[in-house]
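# Examination of the molecular architecture
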Amino acid sequence: MTKIFVNSVVVGLSEQDSLNIGYRVVEEIANCVEAAEIKWAVAGRNVKNLRETLDTVRDYSRKKRDITNIPIIVADVGNSSSIIEMCKRTKLLLNCVGPYNEFGGEEIVSACIECKTHCIDLSAEIRHLDTVQANYFKLAEERGVYIVQACGVGSLPEDYAIELFMQKFPGKLFYKVNKKVLAVSAFPMKEVRIRGLNSVEFYQEFSDGPQGITIGYGTFMSILNSLRDYFNYSKFENEVQEKVFNKKPMKTEFPLKFGWIPILYSWKEKALCVKNMGPDVRNIRRSQMFRANYTDSDSLIDVQGYLKLPSLTKTVYYSYVFLLSLFSVFLFGKSLLIKYAPTLTFGFFSKTGPTRQQLLEGSTKMTFYAEGWKNKSEESLNKHSTKPDSRLKLTITGPEPAYPFTAKCMVQAGLTLLKEQEKMPLKGGVLTPGVAFGKTTIQKRLEKSGLTFTLEDISCSV
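None of the values given here were measured: they were computed from a predicted structure. (Residues numbered from 1 in each chain as written. Predicted model: local features only at pLDDT ≥ 70, side-chain atom pairs only at ≥ 80, totals over all residues. Heavy atoms only, no water.)

### Let's talk about the overall build of the chain
Along the chain, the regular secondary structure elements total 16 helices and 19 strands. Looking at the chain as a whole, 57% of its 462 residues qualify as buried. Taking as baseline every contact in the chain between residues at least 6 positions apart, the subset at least 24 positions apart corresponds to 81%. On the chain, roughly 20,400 Å² of surface is accessible, and the fraction owed to carbon and sulfur atoms is 55%. (Helix = DSSP H or I, 4+ residues; strand = E, 2+ residues; numbered from the N terminus. Buried < 20%, exposed > 50% of the residue type's maximum accessible area, 1.4 Å probe, protein only. Contact = heavy atoms within 4.5 Å. Areas by Shrake-Rupley, 256 points an atom, 1.4 Å probe, with all protein chains shown as cover.)

Written out as structure tokens, the structure reads:
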């Protein structure tokens, strides 16, 4: 068999929910003008599913491109040699195989590093995120390989938004001598950039249409894994800090105030909200740890995320689903939920996943509120006497979050990595999306794909 070498491979189109997100990624590539310039392939263990995916995408493609001749690579996470062979044939792997804890996520990362193949994934599972970063960061950096995690709706837009705000609140370059910050150089001294950004609150709003929304099993299992990991957060945190991030950023003197109650009313959004318990805030904090250890940024930006609840009825329903999901902490509870999820959640989670119409009707809106300083003086830095005096609001909108929005993020992240590596930090490593793409043109790419970014100065409302 003749081997065809390509720029990018989409892997993970043989399982039902992987087929959902993998299908959307393939469709996004097929409809992307810039992607037409690169050679790409699809990979998985079931050739029949791969072929059907390409046929279906061709029928629905807005560009009416013939993609039936796209190369198909047989690869199975249960067969390590097939994964190695796949990685040898491409520069970049878009890994849609989830849940990553259960379907060879770490093995694929290891194979990518061995073959010097870059990798982008969609993982929202804290254990997978931290294990890969702790065990492979240094090796990936040495091999010149970028492993960019969580490049879907969680957490690319959230993490990138922080980087965007940091550019709008750039702060100043100072010199640090014996814990005191000076505006002029002294000896011995350390150069450090004190950011003008103090804090960010963000609100996620996921809306569905008349037909509602259904979540596939792969996404459901990832949510269960993430919730289970949430209660062992410190264990994974400590391992990453020991191996990768030894230095912590300086804490802000004006932190956000959080209550202990998970559900609250937001006066900013005028809606009931529940605290974000997913990996988004974790990934943002990882980005800050990276900057403190590998760049000149020494400041901690306080961040908290919330999920807006659209109505009282859905608040009750989502609360029920959340409480039900907490049983995943126990092994028997997880098995029970996986077996009877469609019944217990009244169809919210399903083996078949959402219909095409449900995805077309869904939408995503994320609203970010940032506070910081227009200018920082040497005196204010040492006395911490001046409260933030400036506020910005960023609104990001797009299609249904779990599938089309996520596919757009993953494809544009892949294209950015292929075309703008010189703008990415270090020469490799296991990175968060904000760190990886903060200096690139990924925002323009996302806007061309259909997402919107609206930035407003709301300082007068303080």
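Structure's up, so let's keep going.
### Quick look at the sheet that holds strand β13 (residues 271–275)
Read from one edge to the other, the open sheet built from seven strands follows the order β12-β13-β14-β10-β16-β17-β19, with strand pairing classed as mixed. Strands with a single pairing partner mark the edges of an open sheet, and in this sheet they are β12 (263–266) and β19 (452–457). Averaged over all pairs of adjacent strands, the angle between their axes in this sheet comes to 25°, without regard to strand direction. Here ten bridges tie strand β16 (residues 363–372) to strand β17 (residues 390–399), and the two strands are oriented antiparallel to one another. Within β17, the residue paired with M366 across the bridge is I396. Of the strands in this sheet, β10 (197–207) and β14 (302–308) touch helix α9 (residues 280–294), which is tilted by about 160° from β14. (Pairing = 2+ DSSP bridges. Axes fitted to C-alpha atoms, helices over the stretch in contact; angles between N-to-C directions.)

### Thoughts on the environment of N238
By the secondary structure assignment, N238 is in helix α8 (residues 233–243). On the basis of relative accessible area, N238 is assigned to the partly exposed category, the value being 39%.

### Comments concerning the confidence of the model for the chain
Summary statistics for the chain give a mean pLDDT of 84 and a share of 86% for residues scoring 70 or more. Across residues 181–189, confidence stays below pLDDT 50; counting only partners more than four residues off in sequence or on other chains, it has 20 contacts. (pLDDT = per-residue confidence, 0-100.)

### Quick notes on the packing of helix α5 (residues 126–143) against α9
Where α5 meets α9, the closest approach of the two axes is 12 Å, and the angle between their N-to-C directions is 20°. Classified by the angle their axes make, α5 and α9 are roughly parallel. Helix-helix and strand crossings are classified by hand; for α5 and α9 the assignment is right-handed. Between α5, through L129, D130, Q133, F137 and K138, and α9, the contact on the second element is made entirely by R282, N283, R286, F290 and Y294. Looking at the contact of α5 with α9 residue by residue, the class counts come to four nonpolar, two polar and four charged. (Parallel < 35°, antiparallel > 145°, perpendicular 65-115°, else oblique. Left-handed = near helix turned anticlockwise from the far one by under 90°. Nonpolar A, V, L, I, M, F, W, Y, C, P; charged D, E, K, R; others polar.)

### What about the packing of helix α14 (residues 401–419) against helix α16 (residues 442–449)?
Packing of α14 against α16 leaves a shortest axis separation of 10 Å and a crossing angle of 140°. With respect to each other, α14 and α16 are oriented oblique. Like other packed secondary-structure pairs, α14 and α16 cross with a definite hand, here right-handed. Along its contact with α14, which presents K408, C409, Q412, A413, L415, T416 and K419, the element α16 presents I442, R445, L446 and S449. Of the residues in the contact of α14 with α16, the class split is five nonpolar, three polar and three charged.

### Notes on the packing of aromatic side chains
A complete count under the given rule lists eleven aromatic pairs for this structure. Note on Y160 and F453: the rings are 6.4 Å apart at their centroids and 90° apart in plane angle, and the pair reads as edge-to-face. Of this pair, Y160 sits in helix α6 (residues 156–168) while F453 sits in strand β19, and the two are 293 residues apart along the sequence. With respect to class, Y160 is no different from F453; both count as buried. Among the aromatic side chains, those forming a connected cluster through ring pairs are F137, F245, F290 and Y294. Over the face of the ring belonging to Y369 we find K268, whose NZ or CZ atom lies 5.9 Å from the ring centre. Above the ring of Y60, the side-chain terminus of R356 is found at 3.8 Å from the ring centroid. (Phe/Tyr/Trp six-rings, centres within 6.5 Å; stacked < 30°, edge-to-face > 60°. Lys NZ or Arg CZ within 6 Å of the ring centre and 35° of its normal.)

### Describing α14
The terminal C-alpha atoms of α14, which comprises 19 residues, lie 26 Å apart, in line with the 27 Å expected from a rise of 1.5 Å per residue. Burial runs high along α14: 16 of the 19 residues are buried. Of the residues that open α14, the one with a side-chain oxygen 3.2 Å from the backbone nitrogen of A402 is E400. (Expected span 1.5 Å × (residues − 1). Polar contact = N/O pair within 3.5 Å; in protein donor to acceptor, adjacent residues only side chain to side chain.)

### A few points about α6
When the terminal C-alpha atoms of α6 are compared, their 18 Å separation across 13 residues agrees well with the 18 Å that a helix rising 1.5 Å per residue should span. Along α6, the residues that are buried comprise L156, P157, E158, D159, Y160, A161, I162, E163, L164, F165 and M166.

### Comments concerning the nonpolar core
Membership of the largest hydrophobic core comes to 111 residues, with the highest contact counts inside it found for V25, M86, I120, I147 and F437. Element by element, the count of residues in this core is highest for α14, at nine residues. Membership of the second largest hydrophobic core comes to five residues, among which are Y203, C273, Y306 and Y369. (Core = buried A, V, L, I, M, F, W, Y, C linked by side-chain atoms within 4.5 Å.)

### Describing the side chain of Q358
Looking at the element boundaries, Q358 is found in helix α12 (residues 356–361). Once residues lying within four places of it in the same chain are set aside, the contact partners of Q358 are Q211, G212, I213 and T214.

### Brief notes about the state of the cysteines
By the definition in use, this model includes zero disulfides. For C87, which is in no disulfide, the shortest distance to another cysteine sulfur is to C112 and amounts to 3.8 Å. Note on C151: no disulfide assigned, nearest cysteine sulfur contributed by C409 at a separation of 8.2 Å. (Disulfide = S-S within 2.5 Å.)

### Observations concerning the pattern of salt bridges
One side chain can pair with another of opposite charge once the charged atoms of both are near each other. Applying the stated criterion to the full structure yields 20 salt bridges. Of the charged contacts, one joins E163 and R291 as a salt bridge, the two residues approaching to 3.1 Å between their closest N and O atoms. Placement of E163 in helix α6 and of R291 in helix α9 is noted, with a sequence separation of 128 residues between them. For the pair E163 and R291, one class covers both residues: buried. Because the salt bridges share partners, they merge into one network encompassing E34, E37, K419, E420, K423 and R445. (Salt bridge = Lys/Arg side-chain N within 4 Å of Asp/Glu carboxyl O.)

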